[in-house]
Amino acid sequence: MQLLDGKLTSETLKDEIAVEVQKIIANGGKKPHLAAILVGNDGASETYVNAKVKACKKVGFDSTLVRLDADVSEEELLNEVRKINEDPEIDGLIVQLPLPKHISEIKVTETIVPEKDVDGFHPVNLGRMTLNLPTFLPATPAGILELLDRYDIETSGKHCVVIGRSHIVGSPMSILMARNTKVGNCTVTLTHSRTTNLEEISRSADILIVALGKPEFVTADMVKEGAVIVDVGITRVKSDKTKSGWKLKGDVAFDEVAPKCSFITPVPGGVGPMTIASLLKNTLISAQK
Ligand code: NAD
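A few points about the nonpolar core
And then number 1: The biggest cluster of nonpolar side chains holds 48 residues, and the ones touching the most others in it are Leu 4, Leu 148, Met 177 and Ile 209.
And then number 2: Of the residues forming this core, the biggest block, seven residues, is contributed by helix H10 (residues 271–288).
And then number 3: When residues of this core are sorted by domain, at least three fall in each of domain 1 (27–113) and domain 2 (139–272).
And then number 4: Ignoring any residue separated from it by four or fewer positions in sequence, one finds Met 177 in contact with Leu 145, Leu 148, Thr 155, Cys 160, Val 183, Gly 184, Asn 185, Cys 186, Val 188, Ile 207 and Ile 209.

Right, here's the structure in full:
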């Protein structure tokens, strides 16, 4: 078994991005600039946004963090988005999800101009992705593709099973793995909460991508010998062994699954850091335009 080390790979990617930033500056250009909007003070969202801001600093980007109260109205949030849309200094905008229940996530996503939608969630960008046109790929699936690519994982002709059909991970992932591209060309099965024979399907996967948000859901008996496992899940579970009182768990029971597979992503240190690196890459592409 070999680890698909997202932490290490993302560091390499960030170094490459930092070199590109230096080139832009040397040619008299301005630093790429990412803006993030955080609504409320959910602990996990706070952690993710802070990690993104820190990563911007690391590669030499400018960043702006807009904090809004949890009871901000939808219109106020949309106005913030419109302001950033029109700001020529800003290349990319993300609105940290989830949003409070009174705000429509799709309305917010559709208000971000596609040219600054570096999370790749806008319907225009998702449509372009489906058609295999140049676009901002959704950050988490893009990070997974990059990881599979850098570890030279053969995908052509393989059976890829995706567990979870969210708009930000599972659905786009299933489309990307089936595209006629270097990482792609799989036969893909997209499974979800209404799938009846999940264990059997999961056991037939050469590449299993798990994104459902249920800690240790995938057990050893659901995995084929030699499979490649990508664990997207991140759930905070209580722990008396950490200072914070919680630790992160993936959707895969790592200790029992790892010995059975050829490659596996750890949690933390797998898909999470790759997601951030992909977000930076999208922002760089936006700035270069
Ligand atoms: P979501 O909650 O939007 O969707 C969950 C999906 O899982 C649904 O499509 C549902 O049909 C499916 N599902 C639920 N129970 C199931 C079951 N018993 N069997 C099969 N399918 C089932 O999920 P999401 O936003 O894609 O997030 C999934 C997990 O990935 C979460 O833990 C989230 O925190 C994590 N995540 C991690 C990153 C990262 O960068 N590592 C990014 C995004 C999400």
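Moving on from the model shown.
Quick notes on the site of the ligand
And then number 1: Neighbouring residues of the ligand: 21 residues in total, closest Arg 165, Ser 166, Val 232, Ile 234 and Thr 275.
And then number 2: Here Arg 165 contributes a backbone N or O atom positioned 2.8 Å from an oxygen atom of the ligand.
And then number 3: Contact distances for the ligand include 3.1 Å between a nitrogen atom and a side-chain N or O atom of Lys 214.
And then number 4: Alone, the ligand offers 860 Å² of accessible surface; in the complex the protein occludes 73% of this.
And then number 5: Counting residues per element, the shell around the ligand draws most heavily on H10, at three residues.
And then number 6: Partitioning the shell around the ligand into residue classes produces ten nonpolar, nine polar and two charged.

Here's the deal with the pattern of salt bridges
Opposite charge on two side chains lets them pair, provided their charged atoms get close.
And then number 1: Summed over the entire model, instances satisfying the criterion amount to 14 salt bridges.
And then number 2: Measuring nitrogen to oxygen at the nearest pair gives 3.1 Å for the salt bridge that ties Glu 20 to Lys 23. A residue pair is termed a helical-turn pair when its members lie 3 or 4 positions apart in one helix, as Glu 20 and Lys 23 do in helix H1 (residues 6–26) at three residues.
And then number 3: Here Lys 23 falls in the partly exposed class, since its relative accessible area comes to 45%.
And then number 4: Linking Glu 146 and Lys 281 is a salt bridge whose minimum nitrogen-to-oxygen distance equals 3.2 Å. In this pair, Glu 146 sits in helix H6 (residues 139–150) while Lys 281 sits in helix H10, placing the two residues 135 residues apart along the sequence.
And then number 5: On the basis of relative accessible area, Glu 146 is assigned to the buried category, the value being 15%.
And then number 6: Look at Lys 281 and you get partly exposed, because its relative accessible area is 33%.
And then number 7: By sharing partners, the salt bridges in this structure join Glu 16, Glu 146, Arg 150 and Lys 281 into a single network.

What to know about the sheet that holds strand S3 (residues 62–68)
Backbone hydrogen bonds are what pair the strands of a sheet, in a parallel or an antiparallel way.
And then number 1: What the three strands build is an open sheet, ordered S3-S2-S4; its pairing is parallel. Of all strands in the sheet, those with a lone pairing partner are S3 and strand S4 (92–95), marking the two edges. In this sheet, adjacent strand axes meet at a mean angle of 15° when their direction is disregarded.
And then number 2: Pairing of strand S2 (residues 33–39) with S3 involves seven bridges; the strand directions are parallel. By the bridge assignment, Ala 36 is partnered in S3 with Leu 65.
And then number 3: Along the sheet, helix H3 (residues 74–86) makes contact with S2, S3 and S4, crossing S2 at roughly 175°.

A word on the sheet that holds strand S5 (residues 159–163)
And then number 1: Spatial strand order, S1-S11-S8-S7-S5-S6: six strands in an open sheet with parallel pairing. Two strands in the sheet have a free side with no partner beyond their single neighbour: strand S1 (2–3) and strand S6 (187–191).
And then number 2: Where strand S8 (residues 228–231) and strand S11 (residues 263–264) come together, two bridges link them in parallel fashion. The partner of Val 228 across the bridge, within S11, is Phe 263.
And then number 3: Where helix H7 (residues 170–178) meets the sheet, it contacts S5, S6 and strand S7 (207–210), and its direction lies at approximately 170° from that of S6.

What counts as what
Here the residue index of a chain counts from 1 through its sequence in written order. Where local features are concerned, this predicted model is filtered to residues with pLDDT of at least 70; where side-chain atom pairs are given and counted, the filter is 80 or more; whole-chain, interface and lining totals use all residues. Processing note: side-chain calculations cover all non-hydrogen atoms of the structure and skip hydrogens and water entirely. Here, nonpolar core means buried Ala, Val, Leu, Ile, Met, Phe, Trp, Tyr and Cys residues that are tied together by side-chain atoms lying within 4.5 Å of each other. Summary of the burial criterion: residues with accessible area below 20% of their type's maximum are buried, those above 50% are exposed, and those between are partly exposed, where the area comes from a 1.4 Å probe applied to protein chains only. Secondary structure elements are defined from DSSP: runs of H or I of at least 4 residues count as helices, runs of E of at least 2 residues count as strands, and each element is numbered from the N terminus. Domain limits in this description derive from either an automatic procedure or a database domain assignment. By definition, residues are in contact when any of their heavy atoms lie within 4.5 Å. Nearness here has a simple test: a residue counts as near a molecule or strand if at least one of its heavy atoms is within 4 Å of that partner. Residues adjacent in sequence count toward polar contacts only when both atoms are side-chain atoms; beyond that, a polar contact is any pair of N or O atoms within 3.5 Å, and within protein one must be able to donate a hydrogen and the other to accept it. Using a 1.4 Å probe, the Shrake-Rupley method yields the accessible areas, and only the shown protein chains count as cover for residues. In this classification, the charged set is Asp, Glu, Lys and Arg, the nonpolar set is Ala, Val, Leu, Ile, Met, Phe, Trp, Tyr, Cys and Pro, and all remaining amino acids, among them Gly, are polar. A pair is scored as a salt bridge if a Lys or Arg side-chain nitrogen falls within 4 Å of a carboxyl oxygen belonging to Asp or Glu. Any two strands with at least two DSSP bridges between them are considered paired. Inter-axis angles, ranging from 0 to 180 degrees, are taken between N-to-C directions of lines fitted to C-alpha atoms, where helices are fitted over the stretch in contact.

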